[in-house]
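Residue-level listing of the chains:
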Amino acid sequence: MKNEQRIVRYLDGQMNPDEVRQFESDIEQSEELQNLLRRYKKTFLLINSAKDISVDERYFSNIAVQTKQAMQSTIRIKSFPAFAYGFSIILILTGIYFFILNRQPVTQIVQKETLIQELNKTQIDELYNYYSSYSDEITFEHDYNGEFERIIDDLIISELKIGEKELDLLIAEFINGSSSFADLSDTEIDFVFEELLHTKFD
Amino acid sequence: MAQNESDFDLVESYLSGDESSFNKIVARYQQKIYWHARRMTGNHFDADEVLQEVTIVMYKKLKDFQFKSSLYTWLYKITATRSINYLRKKKLRDIFSLDDAEPMALDSKEDIVLNIEDKEKLKKLNEILKLLPEKQRQIFIMRTFDELSYEEISQITGKSTGGLKANYFHAIRKITEHMKKYEE
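So, here's what we can say about the structure. (Residues numbered from 1 in each chain as written. Chains lettered and ligands numbered in written order. Predicted model: local features only at pLDDT ≥ 70, side-chain atom pairs only at ≥ 80, totals over all residues. Heavy atoms only, no water.)

## A short note on the overall build of chain A
For chain A, the count of helices and strands is 10 helices and 0 strands. N-terminal to C-terminal, the α/β element order of chain A is α-α-α-α-α-α-α-α-α-α. Here chain A holds 202 residues, and 37% of them are scored as buried. Relative to all contacts within chain A whose residues are 6 or more apart in sequence, the contacts with residues 24 or more apart total 64%. (Helix = DSSP H or I, 4+ residues; strand = E, 2+ residues; numbered from the N terminus. Buried < 20%, exposed > 50% of the residue type's maximum accessible area, 1.4 Å probe, protein only. Contact = heavy atoms within 4.5 Å.)

## Brief notes about the overall build of chain B
Along its length, chain B carries 8 helices and 0 strands. Taking all 184 residues of chain B together, 54% fall into the buried category. Considering only contacts in chain B between residues 6 or more positions apart, those separated by 24 or more positions represent 66%. Accessible surface, chain B: about 8,700 Å² in total, of which carbon and sulfur atoms supply 49%. (Areas by Shrake-Rupley, 256 points an atom, 1.4 Å probe, with all protein chains shown as cover.)

## Quick word on the pattern of salt bridges
Applying the stated criterion across every chain, the model contains 14 salt bridges over all chains. Between Glu4 of chain A and Arg173 of chain B there is a salt bridge whose closest N-O contact spans 3.3 Å. Highlighted residues: Glu4 of chain A in helix H1 (residues 2-11) and Arg173 of chain B in helix H8 (residues 161-183), drawn from two different chains. Close ionic contact of Glu147 of chain B with Lys51 of chain A constitutes a salt bridge, the shortest N to O distance being 3.3 Å. Remark: Lys51 of chain A occurs in the loop between helix H3 (31-49) and helix H4 (63-78) and Glu147 of chain B occurs in the loop between helix H6 (134-144) and helix H7 (150-157); the pair is interchain, linking two chains. When salt bridges with common partners are traced through the structure, they connect Arg38, Asp111 and Lys119 of chain B into a single cluster. (Salt bridge = Lys/Arg side-chain N within 4 Å of Asp/Glu carboxyl O.)

## A closer look at unusual backbone geometry
All names here are of chain B. Phi angles above zero are rare outside glycine, and Phe67 is one such case at about 55°. Considering the arrangement of structural elements, one finds Phe67 in the loop between helix H3 (44-61) and helix H4 (71-95). Residue classification places Phe67 among the partly exposed positions, given a relative accessible area of 25%. Backbone geometry at Glu147 places phi at a positive 55°, although glycine is not the residue there.

## Some thoughts on the side chain of Gln138 of chain B
Positionally, Gln138 of chain B belongs in helix H6. The residues contacting Gln138 of chain B, other than those within four sequence positions of it, are His36, Met40, Ala80, Ser83 and Ile84 of chain B.

## Thoughts on the environment of Ser61 of chain A
Among the structural elements, Ser61 of chain A can be located in the loop between H3 and H4. In terms of polar contacts, Ser61 of chain A uses its side chain to reach the backbone carbonyl oxygen of Arg58 of chain A, at 2.6 Å. (Polar contact = N/O pair within 3.5 Å; in protein donor to acceptor, adjacent residues only side chain to side chain.)

## Observations concerning the environment of Thr67 of chain A
Position of Thr67 of chain A relative to the elements: it lies in helix H4. In this view, Thr67 of chain A contacts Gln52, Thr55 and Ile56 of chain B; residues no more than four positions away in its chain are not counted.

## Description of the packing of helix H2 (residues 19-41) of chain B against H3 of chain B
Residue and element names in this part refer to chain B. Closest axis-to-axis distance for the H2/H3 pair is 8 Å, and the angle between their directions is 145°. Handedness of the H2/H3 crossing: right-handed. Facing H2, whose interface residues are Glu19, Phe22, Ile25, Val26, Gln30, Ile33, Tyr34, Ala37, Arg38 and Thr41, H3 presents His44, Asp46, Ala47, Asp48, Val50, Leu51, Val54, Thr55, Met58 and Tyr59. Considering only residue class, the contact of H2 with H3 consists of 12 nonpolar, 4 polar and 4 charged. (Axes fitted to C-alpha atoms, helices over the stretch in contact; angles between N-to-C directions. Left-handed = near helix turned anticlockwise from the far one by under 90°. Nonpolar A, V, L, I, M, F, W, Y, C, P; charged D, E, K, R; others polar.)

## A few points about the environment of Pro133 of chain B
Position of Pro133 of chain B among the secondary structure elements: in the loop between helix H5 (116-129) and H6. Separated by 38 residues in the primary sequence, Pro133 of chain B and Ala171 of chain B place their C-alpha atoms 9.1 Å from one another.

## With respect to the nonpolar core
Core analysis: the largest hydrophobic core is formed by 71 residues, its most contacted members being Leu62, Leu71 and Phe140 of chain B. Here the element with the most residues in this core is H4 of chain B; it accounts for 10 residues. (Core = buried A, V, L, I, M, F, W, Y, C linked by side-chain atoms within 4.5 Å.)

## Describing the packing of aromatic side chains
A full pass over the atoms with the stated rule returns 16 aromatic pairs over all chains. Measuring from ring centre to ring centre gives 6.1 Å for Tyr29 of chain B and Tyr72 of chain B, while their planes differ by 45°; the resulting arrangement is tilted. One end of the pair, Tyr29 of chain B, is in helix H2; the other, Tyr72 of chain B, is in helix H4, and 43 residues separate them in sequence. Each of the two residues, Tyr29 of chain B as well as Tyr72 of chain B, counts as buried. One aromatic cluster is present, built from ring pairs that chain together Tyr59 and Phe60 of chain A together with Tyr34 and Trp35 of chain B. (Phe/Tyr/Trp six-rings, centres within 6.5 Å; stacked < 30°, edge-to-face > 60°.)

## Looking at helix H1 (residues 7-15) of chain B
All names here are of chain B. The complete set of buried residues in H1 reads Asp7, Leu10, Val11 and Tyr14. Angularly, the buried residues of H1 cover 95° about the axis, an arc narrow enough to put them on a single face. Positive backbone phi, approximately 110°, marks Gly17, located one or two places after H1. (Arc of directions from axis to C-beta.)

## A word on helix H2 (residues 17-29) of chain A
Taking 1.5 Å of rise per residue, the 13 residues of H2 of chain A would be expected to cover 18 Å, and the 19 Å separating its terminal C-alpha atoms lies within 8% of that figure. N-capping of H2 of chain A is provided by Asn16 of chain A, with a side-chain oxygen placed 3.1 Å from the backbone N of Asp18 of chain A. (Expected span 1.5 Å × (residues − 1).)

## Some points on the packing of H6 of chain B against H7 of chain B
All names here are of chain B. Look at H6 against H7: their axes get within 10 Å of each other, and the N-to-C directions meet at 140°. As judged from the angle between their axes, H6 and H7 are oblique. Here H6 and H7 pass one another in a crossing that is right-handed. Contacts from Ile139, Met142 and Arg143 of H6 reach H7 at Tyr150, Ile153, Ile156 and Thr157. By residue class, the composition of the contact of H6 with H7 is 5 nonpolar, 1 polar and 1 charged. (Parallel < 35°, antiparallel > 145°, perpendicular 65-115°, else oblique.)

In structure tokens:
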């Protein structure tokens, strides 16, 4: 781990000249370090190869114009009677809440859920705290390093997939087309996520 | 007009009524915004949406911009937030999708990357980036592709440089581990 950290610091240009000298001298004396460095260099090469991508420049010729057009359509949406807009959001959120309270028991376990079940209480708490606080300074020291957000998202998706049919019917009653979700604000999106999390962890 | 007009000059000019200055600001930063969003979302269609969203925010909020940070940092902050929010909204839309149809193949549709070799490179990169949780991916992209310093990333994300370095290390390590498995 320590050697890997040194290699990444070296390749990322984080080392000062003294550290570079010391590191390069260590490399010469260690075959293991040389192999590790070779492996990491391969990663950097692969990443760097995807840096310069040529594109059809015409796309960028009228972004400002497209923006103004998009803004006009946004203004049209906003002119929709406020009460109807607010009412539909309340209906959607009520529907989601209703679904959560009346959720069908779990009858089908998929691989990701099995993984979650294997976590102990402390890990689950840590997972939940990580997700809900959105603290992303990822310095965890255990096996689930860096996987929290993904596991939680997968869990939420798995939870909802279990009741997919019921959910579809319920949502269909409240939403006139799935695109309505595109109009939810960030705060409302947060609310939905939080509600889903609480049903699993509270 | 001089090519090296500063961001400050362009913003001032736009605020005093010169609409073309806004276009110049967009032209200056649109590729950076697009590519950040594209690497975050993994396809042109979603990157296009994010770019439009960011440009709209820019248009609406530029009048309140007071140069407490650089325009560049401000735009990156908007782009970073919008990209993450876009991914989360998309995830929710996928969850609540009313049909079981497979998601549309967005990689190729009306893509602005035309060269087959470049498409392959991007495909490979997307596979790798998908391994990383969204926020880790974002920091990795800012450092590797947007070529921002840790101090700049810290200003944008509000995270400590130490945390960012640890984050970057874990990202690289995970990608390298993945490549090793792939080779074996």
